[in-house]
Amino acid sequence: MVFSNLVFIFAFLPLILLVYYVVKSRFRNFVLLLASLVFYAWGEPQYVFLMLFSVLLNYLLGLGIHYFRNVIPLKKVVLTTSVLINLLVLGYFKYSGFLIENLNSLFGTSLNLRDLPLPIGISFFTFQAMSYVIDVYRNDAKVQKNIFSLALYVSFFPQLVAGPIVRYNDVEEQIHSRTINLDKFSTGIKRFIMGLAKKVLLANGFASIADAVFTSPAGELSVLTAWIGIMAYTLQIYFDFSGYSDMAIGLGKMFGFDFLENFNYPYISRSVTDFWRRWHISLGSWFRDYLYIPLGGNRKGNLITLRNLLVVWTITGFWHGASWTFMAWGLYYGILISLERFGLSKYIARLWTPLQHLYVSFVVMIGWVFFRADNFSYSVEFLQTMFAINPSPLFDTAFLLYAHDNWVLFLLGFIFSTPVLPKIKQLRLNSPKPVQALYFVSEPAILMLMLVAVMIYLVSSSYNPFIYFRF
Amino acid sequence: MKLERLSKKLLTISFFIFLFCVGTFFVLSPDRQISAAEYRTLEQQPNMTVKNLINGTYVKDFEGYFTDQFPGRNFWLKKYLDLQRLSGKTYLNRYYVAPDGWIIPEPRYGYSKELVRQAITNLNRLAENAAKEGVEVFYVSAPHRINAIEPNFPDYIQEGISRDKKEYFLSLVSKEYLKVLDLEQSFKAKYSQAELKQMYFKTDHHWNAQGSFNGYQEIRNFLSSNSQHFTDQQKEYKTIDYKSNLLGSYNRHIHYLVNLDTDRVSQILPKDKSFEKFKISVNGKASSFKDLYGSAINKKNQLVYAEIFTGDLKEIKIYNSDVKASRLLIVKDSFANPIIFHIAQHFQETVVFDIRHNTDSLRDFLNEEKQFDTILFLYNDTNLGGPLFEFEKAPKQ
């Protein structure tokens, strides 16, 4: 099940909200746990058992680490076992096909593995479960002796299938004691509707353009068609993913949970380093805390720092998908961040601000070409078309049609990828009372209209892909 | 601030009311069986079994059911098209609505040559075998609207390849065994674009009574020159206009956004009502011209194409005792429906066969029936492959 789905919005969510607020508070976690298992099983009936296995495994290993808390070698063995098993499970379902394909290619073998469907959200819930065990090991979190509470943490439906990756110690207290009031609930509704609108009204529109462009042979596109395709994808992936995060955060608030922000207007960044502090924040900080720092971070000299950056970013790319293009995409950012770290950032900081934005937009869009394309040769050919290196016309009727039909969508996309709404909120705080009154009266009306528009689009559209679904 | 608090309460209450109202409507509303606008049956509540829960089919079926039975679905679908129009989209559900009311489908830019070659192979083989048995075979390519009329697209829309596909198809036809009448060529030689526009429905993909009658006249001239079994009949015809509105096929896809009185409903029939004297059977049962042709006229205010002329039926037999012994088989699609009687009047016995609606293959049918003198294929020039050209095996039901 996805959030931008009529069954979720008009059947699942009202039912769960009703039951949640009707039952006594001591049963609420059970309600959420049951709802989360149903939510997951709705899309993946068989793989709900895989998720439960992950919960059980990490619960027992967490207990093991706590049991051996004073016996460091054994404590390390349990941790290592936990990390290895978690990664093995993830590796089996997500990367074994890639491994087999490359072994066959390298050694001329013909090993065969039956097609394994990728369980939804496996990258997210595996990383969450690992973070629990590692936090217990580091004494950053208390061991959870209630398996149902741990199961709720791992499987909680708002963030189960596409993040944000929630750290156990961020929600440890909230599992047992959380505030629910009108402020939080209404903020949750607001975030949920904004997220839905980003996903359904914006991201899906960009998706249909990007998919049409990227399914065409790259050499047959005109220059401007290629550019409009990558701009569409750039906006699609942002609104899709940040929209989903907004929905997850909003839903969390409706049940009393506060999750950390996952996006902070990444497209206004002035450097690639800044971009990755604003994009998929929970993933970046996960890899920083659980891989980069344990490898030594930047504390062991420039060469080790460089190594760590390249390794972490390549693995970050690989986390996104089992293919060389994803790894190349990750390595691409590793190189850029390293360059910035070792001197480039000083030059960038001296540039005129619009040029800084242009630099980041440029490198990010090039990165998205590799991220979106199916293979390297397509990526290269696409870039050649973008930069008019191959003999493509400047524009064609396809570009004219896209531009004619979607200029409003692109305008909205550009506007809402900047912090215009926080600016409006700031202005509102400083404006006279009648203006503030107008704001408070119109805000619920506008939000409900957005919800109705989302509903109209969902009723009519069967085209509703989630990009980060299969990570 | 009080107003801020009130705003939050308002939002929370509206949200809950909206969600619960829609959910309640869904539960309380009876399930609809069909969508008239979409011309299809709607998903019904799926049965829940352990097997289909585990393999995930129940979930998919339930989501399809929930979407199909969503309260006010048709209303929301129309609103969606309104939003698309407001945002300046060129195509609405893959159709362009020109300022003059013509609904034009989005052009296609590719086709499978393999499918076309397969169709031609089957057609040529059938014609060759028929010729060996002394049966004359004719192929009439009736012009679909997208080929007959220059579309009134905006400048930024590239023309599609449907004419290229038709030219490719006709170039492969065996001239030795098959005589071909390309009605698009005939029409364009005779009529201007303005005249051609009078021959087609604006909101439907078919030709109208005038277009089909003009097509019949070309077919009559063609058969008169080429068929040994054709008996010419000179008649006077009259145009009968009706007040009913057309529920055009293209208009249906855009939820009837274009006014229903855009197209005229009419028939062109002999003044002497000679068609009513024919002996007719439909799918083996006796019938009459009045029951078969324009059966819903004067009974309904809104008609689909099939209700103005004949529908797509498995088999129609027409016997005209006024002409010499001759047996015609018409293998057709819906473009033939307005003129099957016009053509049949020139032969003593006519069988009208629609491959799509038969359980037997054309080959089996030919083996069972007594010999035909003439076989006439009458397809529109976008039907250039697929089941209509599979003569050896029965269509999938």
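Our subject is the structure listed above.
In this report, the structure presented in the accompanying data block is examined.

Reading the values: the criteria
Residues numbered from 1 in each chain as written. Chains lettered and ligands numbered in written order. Predicted model: local features only at pLDDT ≥ 70, side-chain atom pairs only at ≥ 80, totals over all residues. Heavy atoms only, no water. Helix = DSSP H or I, 4+ residues; strand = E, 2+ residues; numbered from the N terminus. Buried < 20%, exposed > 50% of the residue type's maximum accessible area, 1.4 Å probe, protein only. Pairing = 2+ DSSP bridges. Contact = heavy atoms within 4.5 Å. Buried area = accessible area lost by both parts, 1.4 Å probe. Salt bridge = Lys/Arg side-chain N within 4 Å of Asp/Glu carboxyl O. Phe/Tyr/Trp six-rings, centres within 6.5 Å; stacked < 30°, edge-to-face > 60°. Lys NZ or Arg CZ within 6 Å of the ring centre and 35° of its normal. Expected span 1.5 Å × (residues − 1). Patch = residues over 30% accessible without salt bridge, like charges linked within 9 Å, V, L, I, M, F, W, Y side chains within 5 Å. Areas by Shrake-Rupley, 256 points an atom, 1.4 Å probe, with all protein chains shown as cover. Bend = angle between axes of the 7 residues up to and from the residue. Axes fitted to C-alpha atoms, helices over the stretch in contact; angles between N-to-C directions. Core = buried A, V, L, I, M, F, W, Y, C linked by side-chain atoms within 4.5 Å.

On to the environment of Lys 423 of chain A. Residue position: Lys 423 of chain A is located in helix H18 (residues 420-429). The class of Lys 423 of chain A is exposed, set by a relative accessible area of 56%.

Right, let's talk about the pairing of strand E5 (residues 136-142) of chain B for a bit. Residues and elements named next belong to chain B. When you tally the buried positions in E5, you get seven out of seven residues, the bulk of the element. On E5, burial covers both faces: Glu 136, Phe 138, Val 140 and Ala 142 on one face and Val 137, Tyr 139 and Ser 141 on the other are all buried. In this structure, E5 lies alongside strand E16 (residues 374-380), joined through seven bridges in parallel fashion. Across the sheet, Ser 141 pairs through a bridge with Tyr 379, a residue of E16. The pairing of E5 with strand E6 (residues 179-182) spans four bridges and is parallel. Note on E6: the bridge partner recorded for Phe 138 is Lys 179.

Right, let's talk about the interface of chain A and chain B for a bit. Counting from both sides, the interface comprises 42 residues of chain A and, opposite them, 42 residues of chain B. Regarding the contact of chain A and chain B, the summed buried area is about 4200 Å², with carbon and sulfur atoms giving 77% of it. Across the salt bridge formed by Asp 183 of chain A and Lys 8 of chain B, the nearest N and O atoms sit 2.7 Å from each other. For the side of chain A that touches chain B, the secondary-structure elements that each account for two or more residues are helix H1 (6-22), helix H9 (182-214), helix H17 (397-416) and helix H19 (433-460) of chain A.

In this section: the packing of aromatic side chains. Within this structure, the stated rule accounts for 113 aromatic pairs over all chains. Between the aromatic rings of Phe 275 of chain A and Tyr 333 of chain A, the centroid separation amounts to 6.2 Å while the plane-to-plane angle is 10°, which identifies the pairing as stacked. Linking Phe 275 of chain A in helix H11 (residues 272-278) with Tyr 333 of chain A in helix H14 (residues 324-350), this pair joins segments that are 58 residues apart in sequence. Tyr 333 of chain A shares its class with Phe 275 of chain A; the two are buried. Taking 5.9 Å as the distance between ring centres and 85° as the angle between the ring planes, the aromatic pair formed by Tyr 293 of chain B and Phe 341 of chain B counts as edge-to-face. Of this pair, Tyr 293 of chain B sits in the loop between helix H12 (289-292) and strand E12 (302-303) while Phe 341 of chain B sits in helix H14 (residues 340-344), placing them 48 residues apart in sequence. For Tyr 293 of chain B, a relative accessible area of 5% translates into the label buried. One cation-aromatic arrangement involves Lys 75 of chain A over Tyr 137 of chain A; the distance from NZ or CZ to the ring centre is 4.9 Å. One Lys or Arg, Lys 94 of chain A, reaches over the ring of Trp 319 of chain A and ends 5.2 Å from the middle of that ring.

What follows concerns helix H3 (residues 57-68) of chain B. The first and last C-alpha atoms of H3 of chain B sit 16 Å apart over 12 residues, in line with the 16 Å expected at 1.5 Å per residue. Burial in H3 of chain B covers these residues: Tyr 58, Val 59, Phe 62, Tyr 65, Phe 66 and Asp 68 of chain B. Tucked inside the fold, the buried residues of H3 of chain B contact H1 and helix H2 (28-43) of chain A together with helix H1 (2-28), strand E2 (40-41), helix H2 (50-54) and helix H4 (73-86) of chain B.

Residue and element names in this part refer to chain A. On the surface, a cluster of nonpolar side chains totalling about 600 Å² of accessible area is made up of Trp 407, Leu 411, Leu 412, Ile 415, Phe 416, Leu 421 and Ile 424. Secondary-structure elements contributing two or more residues to the nonpolar patch are H17 and H18. Per element, the largest residue contribution to the nonpolar patch is five residues, and it comes from H17. Turning to its location among the elements, Leu 411 is positioned in helix H17. Using a relative accessible area of 44% as the deciding quantity, one classes Leu 411 as partly exposed.

Here the focus is helix H4 (residues 72-107) of chain A. Residues spaced three or four apart along an α-helix face the same direction, because each turn holds 3.6 residues. Residues and elements named next belong to chain A. Compared with an ideal rise of 1.5 Å per residue, which puts 36 residues at 52 Å, H4 spans 42 Å between its outermost C-alpha atoms and falls more than 12% short. At Tyr 95, H4 shows its maximal kink, close to 65°. After H4 finishes, the residue Gly 108 shows a positive phi value of roughly 70°.

The next point concerns the environment of Ser 287 of chain B. All names here are of chain B. Take Ser 287: it is sitting in strand E11 (residues 285-287). The partly exposed category is assigned to Ser 287, whose relative accessible area is 26%. Leaving out residues up to four positions away in the same chain, Ser 287 has contacts with Ile 280, Ser 281, Val 282 and Leu 292.

On to the pattern of salt bridges, then. Side chains that differ in sign of charge can pair as their charged atoms come close. Under the defined criterion, the tally for this structure stands at 41 salt bridges over all chains. Residue Lys 199 of chain A pairs with Asp 240 of chain A through a salt bridge whose shortest N-O separation is 3.1 Å. Highlighted residues: Lys 199 of chain A in helix H9 and Asp 240 of chain A in helix H10 (residues 223-254), separated in sequence by 41 residues. A salt bridge links Asp 274 of chain A to Arg 278 of chain A; its shortest N-O distance comes to 3.2 Å. Residue Asp 274 of chain A and its partner Arg 278 of chain A are both found in helix H11; the two are separated by four residues, about one turn of the helix. Across the pair, Arg 278 of chain A and Asp 274 of chain A agree in class, each one buried. One continuous salt-bridge network, built from bridges that share partners, spans Glu 150, Glu 159, Arg 163, Lys 166, Glu 167, Asp 182, Glu 184 and Lys 188 of chain B.

Residues and elements named next belong to chain B. The eight strands are arranged E6-E5-E16-E14-E15-E13-E10-E11 in an open sheet whose pairing can be described as mixed. Of all strands in the sheet, those bounded by a partner on one side alone are E6 and E11. Across this sheet, the average inter-strand angle for adjacent strands is 20°, counted without regard to direction. By the bridge criterion, three bridges tie strand E10 (residues 279-282) to E11 in an arrangement that is antiparallel. The residue bridging Ser 281 from the neighbouring strand is Ala 286, located in E11. In the packing of helix H8 (residues 183-190) onto the sheet, the strands contacted are E5 and E6, and the crossing angle to E6 comes to about 45°.

Let's shift gears to the nonpolar core. Ranked by size, the top nonpolar core spans 172 residues in total, and within it Phe 8, Phe 157, Trp 368 and Phe 382 of chain A carry the most contacts. Leaving out residues up to four positions away in the same chain, Trp 368 of chain A has contacts with Ile 230, Tyr 233, Thr 234, Ile 237, Tyr 267, Phe 275, Trp 279 and Trp 329 of chain A.

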